[in-house]
Amino acid sequence: AFFVSRYRGSASRMAAQETSALREELLAVSGIGPETADAILLYALGHPVFVVDAYTRRIFSRLGLADEDVDYHQLQARFLKALPQEASLYNEYHALIVALGKDICRPRPHCAVCPLITLCPAGKAQQAGTES
């Protein structure tokens, strides 16, 4: 209803809006939280917004770069500060995080095949525990 009434069902009309104002509009829609709003902005509308999800929290927590319960906006701000503001880069980077989290850095991780094992304190500790 929001999409049709506000943008007459036009994704291009919606995409033409300024990112922060559009994000606030999306967050005002019942049932849309920060992750969903940012996913719409990035994937559907091409706005340069980094999406943080459970995979992001898990991976960066295990790497020792964030607490697992880090606030969504705090973790997002770290990515926005560290990376160039490019939707295609955010899209690719998030896709790589999702692939790593889905296939390797699972709740029960497969550290032995992880490409980040040399950087990961949690993975090194797990490997050391299985080698003894």
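Residues numbered from 1 in each chain as written. Predicted model: local features only at pLDDT ≥ 70, side-chain atom pairs only at ≥ 80, totals over all residues. Heavy atoms only, no water.

Chemist: I'd like a rundown of the pattern of salt bridges, residues and numbers included.
Modeler: The tally for this structure, following the rule as stated, stands at three salt bridges. A salt bridge links Arg6 to Glu25; the nearest nitrogen and oxygen atoms lie 3.0 Å apart. A residue pair is termed long-range when its members are at least 10 positions apart, and Arg6 in helix H1 (residues 2-7) and Glu25 in helix H3 (residues 19-27) qualify at 19 residues. On the accessibility criterion, Arg6 (39% relative accessible area) is partly exposed. In this structure, Asp38 engages Arg23 in a salt bridge whose closest nitrogen and oxygen atoms are separated by 2.5 Å. With Asp38 in helix H4 (residues 34-44) and Arg23 in helix H3, the pair connects residues that are 15 residues apart, well separated along the chain. There is no split in this pair, since Asp38 and Arg23 are both buried. (Salt bridge = Lys/Arg side-chain N within 4 Å of Asp/Glu carboxyl O. Helix = DSSP H or I, 4+ residues; strand = E, 2+ residues; numbered from the N terminus. Buried < 20%, exposed > 50% of the residue type's maximum accessible area, 1.4 Å probe, protein only.)

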